[in-house]
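# Observations on the model geometry
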Amino acid sequence: SQQGEEDPQALSIQEGENATMNCSYKTSINNLQWYRQNSGRGLVHLILIRSNEREKHSGRLRVTLDTSKKSSSLLITASRAADTASYFCATDFSYNFNKFYFGSGTKLNVKP
Amino acid sequence: GAVVSQHPSRVICKSGTSVKIECRSLDFQATTMFWYRQFPKQSLMLMATSNEGSKATYEQGVEKDKFLINHASLTLSTLTVTSAHPEDSSFYICSALRVDEQYFGPGTRLTVT
């Protein structure tokens, strides 16, 4: 399968805590993107990180990329109940430019 | 900018019938669009790449005769699920490529009875 793996599969935290999700992939990438999906809804783009970047920030989001380990992490700081959703990474492989393969996803539950 | 719409948002059809789903890029032209399928509590699976003016390319294991894709213009791609069966019930999501970013539609929930 070309899909990446994410862990944990599910994460439950209290409001105000930080949430960290990890994504691993198998082959060289051009870009890696993180998306959020509320139950039964479409995708919301969160952040794009390119293969030559190591870290990016956007508001309460911090994404890191380690190409040597073929992994990325998404950190959500000071979580809110509204952050409850599924989070997916999507990779754009070097040999297949612009085609996205999604990870298995992490289901985050932020308890108020 | 970069809005993608899908129509319909929900559709229920009887087994054996065909269903057409439209994906439109509303404020940009897209020579490339993608179709994904998502089963409940699972991730998105890339089904095919839709190319304006040429045949779609399908991922391994996706039946091209069952999932017909037509990219008739720079703003419209359609996915037709032919002879639908209950196992085709799923959430279908399209995306449109602008430069190197994909913009996703809101999805279409297909239920085959």
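Here the structure is a predicted model, which means the values were calculated and not measured.

## Details of the overall build of chain A
For chain A, the helix and strand inventory stands at 0 helices and 11 strands. Its helices and strands in sequence order give chain A the pattern β-β-β-β-β-β-β-β-β-β-β, from N to C terminus. Rg of the C-alpha trace for chain A: 13 Å, near the compact-globule value of 13 Å for 112 residues, within the 12% margin. Overall, the C-alpha framework of chain A stretches about 45 × 25 × 20 Å when taken along its three principal axes. Every one of the 112 residues in chain A was classed for burial, and the buried ones make up 46%. Put simply, 56% of the contacts in chain A that link residues at least 6 apart link residues at least 24 apart. Accessible surface computed for chain A: about 5,300 Å², of which carbon and sulfur atoms make up 46%. Across chain A, the 14 positively charged side chains and the 10 negatively charged ones have centroids separated by 4 Å.

## Things to note about the confidence of the model for chain A
With 94% of its residues at a pLDDT of 70 or more, chain A shows a mean pLDDT of 91. Looking over chain A, one finds the lowest element-wise mean pLDDT in strand β1 (residues 5–7) of chain A, namely 86, and the highest in strand β7 (residues 61–66) of chain A, namely 98.

## Description of the sheet that holds strand β8 (residues 71–76) of chain A
Sheet strands pair via backbone hydrogen bonds, and the direction of the pair is either parallel or antiparallel. Residue and element names in this part refer to chain A. Spatially, the 5 strands line up as an open sheet ordered β1-β3-β8-β7-β6, and their pairing is antiparallel. Since the sheet does not close on itself, it has two edges, and those belong to β1 and β6 (55–58), each with one partner. Between one strand axis and the next, the sheet turns through 15° on average, direction left out of account. Looking at chain direction, β6 and β7 are connected through 4 bridges and run antiparallel. Across the sheet, residue Lys56 finds its bridge partner in β7, namely Val63.

## Re the interface of chain A and chain B
Contacts between the two partners involve 22 residues from chain A, matched on the other side by 21 residues from chain B. Both sides of the chain A and chain B interface together cover about 1,500 Å² of buried area, and 52% of this is carbon and sulfur. Between the two partners, chain A and chain B, sit 1 salt bridge. For Glu59 of chain B, the salt bridge identified is with Lys99 of chain A, shortest N-O distance 2.6 Å. Across the chain A-chain B interface, the total number found is 4 residue pairs in polar contact (both at pLDDT 80 or more). Elements that contribute at least two residues to the side of chain A that touches chain B include exactly β4 (29–37), β5 (43–50) and β10 (100–102) of chain A.

## Here we look at the side chain of His71 of chain B
All names here are of chain B. Among the secondary structure elements, His71 is positioned in strand β7 (residues 67–73). Separated by 2.8 Å, the side chains of His71 and Ser50 make a polar contact. Those residues within four positions of His71 in sequence are excluded, and the remaining contacts are Ala30, Thr31, Thr32, Met33, Ser50, Asn51, Glu52, Gly53, Leu76 and Ser77.

Analysis parameters
- Residues numbered from 1 in each chain as written.
- Chains lettered and ligands numbered in written order.
- Predicted model: local features only at pLDDT ≥ 70, side-chain atom pairs only at ≥ 80, totals over all residues.
- Heavy atoms only, no water.
- Helix = DSSP H or I, 4+ residues; strand = E, 2+ residues; numbered from the N terminus.
- Rg over C-alpha atoms; globule rule 2.2 N^0.38 Å.
- Buried < 20%, exposed > 50% of the residue type's maximum accessible area, 1.4 Å probe, protein only.
- Contact = heavy atoms within 4.5 Å.
- Areas by Shrake-Rupley, 256 points an atom, 1.4 Å probe, with all protein chains shown as cover.
- Lys, Arg positive; Asp, Glu negative; His and termini not counted.
- Charge placed at Lys NZ, Arg CZ, Asp CG, Glu CD.
- pLDDT = per-residue confidence, 0-100.
- Pairing = 2+ DSSP bridges.
- Axes fitted to C-alpha atoms, helices over the stretch in contact; angles between N-to-C directions.
- Buried area = accessible area lost by both parts, 1.4 Å probe.
- Salt bridge = Lys/Arg side-chain N within 4 Å of Asp/Glu carboxyl O.
- Polar contact = N/O pair within 3.5 Å; in protein donor to acceptor, adjacent residues only side chain to side chain.

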